[in-house]
Amino acid sequence: MSLTTDDFAEFMAGDPEDDEEVPLGDALSELAVDVDVDAVEKVRDVRERL
């Protein structure tokens, strides 16, 4: 399976709601979500289930 630019055409179109003056990194950081997870605790939970 291969991807071509045609596969992404719908995602490359401009969106009138986008503020193109905002740098991409800043726009993405507005969408970011902080997740606080204790990885050690999660690993212990998985081990207990096995």
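Cut-offs used in this document
Residues numbered from 1 in each chain as written. Predicted model: local features only at pLDDT ≥ 70, side-chain atom pairs only at ≥ 80, totals over all residues. Heavy atoms only, no water. Helix = DSSP H or I, 4+ residues; strand = E, 2+ residues; numbered from the N terminus. Rg over C-alpha atoms; globule rule 2.2 N^0.38 Å. Buried < 20%, exposed > 50% of the residue type's maximum accessible area, 1.4 Å probe, protein only. Areas by Shrake-Rupley, 256 points an atom, 1.4 Å probe, with all protein chains shown as cover. Lys, Arg positive; Asp, Glu negative; His and termini not counted. Charge placed at Lys NZ, Arg CZ, Asp CG, Glu CD. Patch = residues over 30% accessible without salt bridge, like charges linked within 9 Å, V, L, I, M, F, W, Y side chains within 5 Å. Salt bridge = Lys/Arg side-chain N within 4 Å of Asp/Glu carboxyl O. pLDDT = per-residue confidence, 0-100.

S.K.: Could you give an account of the overall build of the protein, naming the residues involved and the relevant values?
M.R.: Along the backbone of the protein there are three helices and zero strands. Order of helices (α) and strands (β) in the protein, N terminus to C terminus: α-α-α. Taking 50 residues into account, the globule formula puts the C-alpha radius of gyration at 10 Å, and the protein, at 20 Å, lies well above it. Along the longest, intermediate and shortest principal axes, the C-alpha atoms of the protein span 50 × 35 × 15 Å. Put simply, the protein has 50 residues, and 0% of those count as buried. Put simply, the protein shows about 5400 Å² of open surface, and 52% of that area lies on carbon and sulfur atoms. If you average the places of the 4 positive and of the 17 negative side-chain charges in the protein, the two averages end up 27 Å apart.

S.K.: Explain a negative patch on the surface to me, using residue names and the numbers behind them.
M.R.: Together, D15, E17, D18, D19, E20, E21, D26 and E30 give the surface a local cluster of negative charge. With respect to the element layout, D18 can be found in the loop between α1 (9-12) and α2 (24-31).

S.K.: Can you lay out the confidence of the model for the protein for me, pointing to particular residues and giving the numbers?
M.R.: The predicted model of the protein has a mean per-residue pLDDT of 85, with 100% of residues at 70 or higher. For the protein, per-element mean pLDDT is lowest for α1, which scores 80, and highest for helix α3 (residues 39-49), which scores 90.

S.K.: Go over a nonpolar patch on the surface, please, and point to the residues and values.
M.R.: On the surface, M1, L3, F8, F11 and M12 cluster together to form a nonpolar patch covering roughly 710 Å² of accessible area. Within the secondary structure layout, M12 lies in helix α1. Residue M12 is classed as exposed on the basis of its relative accessible area of 60%.

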